[in-house]
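Structural features, examined
Residues per chain, in single letters:
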Amino acid sequence: DGVARLVLGRSGAGKSTLAVWLDRNGYRVLGDDLCVLKVNRHGDIRVLPAYPQAKLAPSPLVSVVPVGMQVGRRNKSFVALRDNSSHGSVPLAAVYLLEPGNALGIQPLNPLQAVQGLALHTQRKTLFRAQVGEAKHWQLCGEVARQVPVFSFSRTTDIGDFDRNVNCLREHFSHGL
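In this report, we go over the structure that sits alongside the text. Just so it is clear, the structure is predicted and the values come from calculations on it, not from any experiment. (Residues numbered from 1 in each chain as written. Predicted model: local features only at pLDDT ≥ 70, side-chain atom pairs only at ≥ 80, totals over all residues. Heavy atoms only, no water.)

What follows concerns the overall build of the protein chain. On a plain count of helices and strands, the protein chain comes out with 5 helices and 9 strands. For the protein chain, the sequential pattern of α-helices and β-strands runs β-α-β-β-β-β-β-β-β-α-α-α-β-α. A total of 177 residues make up the protein chain; the buried ones form 37% of that total. Pairs at least 24 apart in sequence give 70% of the contacts found in the protein chain among residues at least 6 apart. Of the roughly 10,100 Å² that the protein chain leaves accessible, carbon and sulfur atoms contribute 53%. (Helix = DSSP H or I, 4+ residues; strand = E, 2+ residues; numbered from the N terminus. Buried < 20%, exposed > 50% of the residue type's maximum accessible area, 1.4 Å probe, protein only. Contact = heavy atoms within 4.5 Å. Areas by Shrake-Rupley, 256 points an atom, 1.4 Å probe, with all protein chains shown as cover.)

Looking now at the packing of aromatic side chains. Scanning the model with the defined rule gives 4 aromatic pairs in all. Residues Y96 and F151 carry aromatic rings whose centres are separated by 5.3 Å and whose planes lie at 20 degrees to one another, so their mutual orientation is stacked. Residue Y96 is located in strand β7 (residues 90-101), and its partner F151 is located in strand β9 (residues 150-156); the two are separated by 55 residues in the primary sequence. Here Y96 and F151 have matching classes, each one buried. Pairwise contacts between aromatic rings join Y27, Y96, F151 and F173 into one cluster. (Phe/Tyr/Trp six-rings, centres within 6.5 Å; stacked < 30°, edge-to-face > 60°.)

In this structure, H121 sits in the loop between α2 (111-120) and α3 (125-132). Among residues more than four places away in sequence, those in contact with H121 are L8, G9, R10, L97 and E99.

This part covers the pattern of salt bridges. What the rule picks out here adds up to 5 salt bridges. Linking E143 and R146 is a salt bridge whose minimum nitrogen-to-oxygen distance equals 2.6 Å. On the criterion of helical spacing, the pair formed by E143 and R146 is a turn pair, its members being 3 residues apart in helix α4 (residues 134-147). Classification of E143 as partly exposed rests on a relative accessible area of 25%. According to the relative accessible area criterion, R146 is exposed, its value standing at 60%. Notably, a salt bridge pairs R164 with D161, separated by 3.6 Å at the nearest N-O pair. Each member of the salt-bridge network shares a partner with another, and the members are D23, R24 and R82. (Salt bridge = Lys/Arg side-chain N within 4 Å of Asp/Glu carboxyl O.)

Attention shifts here to the packing of α2 against α4. With their axes 9 Å apart at the nearest point, α2 and α4 run at an angle of 125 degrees to one another. Viewed along their axes, α2 and α4 adopt a mutual orientation that is oblique. Handedness of the α2/α4 crossing: right-handed. In this structure, α2 uses A114, V115, Q116, L118 and A119 to contact α4, whose residues at the interface are H137, W138, C141, G142, V144 and A145. Each residue belonging to the contact of α2 with α4 can be placed in one class, and the counts come to 8 nonpolar, 3 polar and no charged. (Axes fitted to C-alpha atoms, helices over the stretch in contact; angles between N-to-C directions. Parallel < 35°, antiparallel > 145°, perpendicular 65-115°, else oblique. Left-handed = near helix turned anticlockwise from the far one by under 90°. Nonpolar A, V, L, I, M, F, W, Y, C, P; charged D, E, K, R; others polar.)

Now for α2. Each full turn of the α-helix corresponds to 3.6 residues, which orients residues three or four apart in the same direction. Residues of α2 that are buried include every one of A114, V115, G117, L118 and A119, and no others. The backbone nitrogen of L112 lies 3.0 Å from a side-chain oxygen of the residue at the head of α2, namely N110. (Polar contact = N/O pair within 3.5 Å; in protein donor to acceptor, adjacent residues only side chain to side chain.)

All right, on to the nonpolar core then. Membership of the largest hydrophobic core comes to 21 residues, with the highest contact counts inside it found for V20, Y96, I106, F153 and L169. For this core, the elements supplying multiple residues, two or more each, are α1 (15-24), β4 (53-56), β7, β9 and α5 (162-174). The element contributing the most residues to this core is α1, with 5 residues. Membership of the second largest hydrophobic core comes to 19 residues, among which are L8, L92, L97 and A145. (Core = buried A, V, L, I, M, F, W, Y, C linked by side-chain atoms within 4.5 Å.)

What follows is the structure in structure tokens.
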């Protein structure tokens, strides 16, 4: 719908599986594993498209997730995503912190929780902080949290609930977030 939603979470939370499912079901996926944000001259936060592939661990979702080339010691596979690089950057509308758990639900985070979650899930924190400094890192996380809503997305861990989990997120998207 012309806006981006960023899904963050620890390794194994289900981000890549979700990205491949969304890609296969008509959503424009800008990338997996890496998300570059930029602030335009008006101060708006935009998401840049990344390389069109996802990395997946072996999964019971074989019918949903096609397996490609095996890579690395973690036995992950590359899965091609549709190339969306020609569309350019997209405004960031929301951030979801994905957490596997026992219950399914999406809850807004308060500003402190939002900044902490963003800082925790910044890819390559050590490298990023070395390049821009820890204070700048926290400032950028604060700017994202100030401009866009940040939510906790708790999903169930039962693989049989995958469609129910995705539908919860899609329903949230359809309400304009």
